[in-house]
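Spelled out from the first residue to the last, the chains are:
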Amino acid sequence: QVQLVESGGGLVQAGGSLRLSCAASGRTFSSYAMGWFRQAPGKEREFVADIGWSGGSTHYADSVKGRFTISRDNAKNTVYLQMNSLKPEDTAIYYCAADQVATTKPMGYDYWGQGTQVTVSS
């Protein structure tokens with residue numbers, strides 16, 4: 001069982017940056033792949049980025065490639081999402097998720113955090 005708590009969301013102007021954190025409970029965090037997803041009002045939850053258990057493998061949605069960076073610190077049981085050059089269309093609730101294998105599909109993850117709101121003003 002893994003419990004996830006996101007933090008770091010907020011209101012930022014277009015072009016600004018935020019760093020999201022996702023703190024995980026449990027001794028087996030380092031064995032889980034982690035993903036970030038987001039959901040805007042009226043839209044389906046969509047993949048943002050994922051990272052393998054060791055941090056050596058990462059994948060990004062085309063919409064965030066080159067602007068967002070996912071990383072993890074297994075000693076701190078935390079995964080991060082550094083978001084730069086933010087755009088109004090990045091506005092959404094951001095969720096972290098954990099499972100044995102990284103995937104771009106939300107249904108592939110068994111464990112989810114409660115989400116953190118990111119709002120980008122124009």
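For the structure itself, consult the block above.
Residues numbered from 1 in each chain as written. Predicted model: local features only at pLDDT ≥ 70, side-chain atom pairs only at ≥ 80, totals over all residues. Heavy atoms only, no water.

A few points about the state of the cysteines
Inspection of every chain in the model, using the stated rule, returns 1 disulfide. The partner cysteine of Cys22 in its disulfide is Cys96, sulfur to sulfur 1.9 Å. Handedness of the Cys22-Cys96 disulfide follows from its S-S torsion of about 50°: it is right-handed. Of this pair, Cys22 sits in strand E3 (residues 18–24) while Cys96 sits in strand E9 (residues 92–99), and the two are 74 residues apart along the sequence. Pair check on accessibility: Cys22 and Cys96 agree, each one buried. (Disulfide = S-S within 2.5 Å. Helix = DSSP H or I, 4+ residues; strand = E, 2+ residues; numbered from the N terminus. Buried < 20%, exposed > 50% of the residue type's maximum accessible area, 1.4 Å probe, protein only.)

So, the pairing of E9
Two faces, one strand: in a regular strand the side chains alternate between the faces of the sheet. For E9, a buried count of 7 out of 8 residues is recorded, marking the element as mostly surrounded by other parts of the structure. Bridge count between E9 and strand E11 (residues 116–121): 3 bridges; the pairing is antiparallel. Each bridged residue has a counterpart across the sheet, and for Ala92 the counterpart in E11 is Val118. As judged from the 2 bridges shared by E9 and strand E10 (residues 111–112), these two strands associate in the antiparallel manner. Considered in E10, the bridge of Ala98 is made with Tyr111. (Pairing = 2+ DSSP bridges.)

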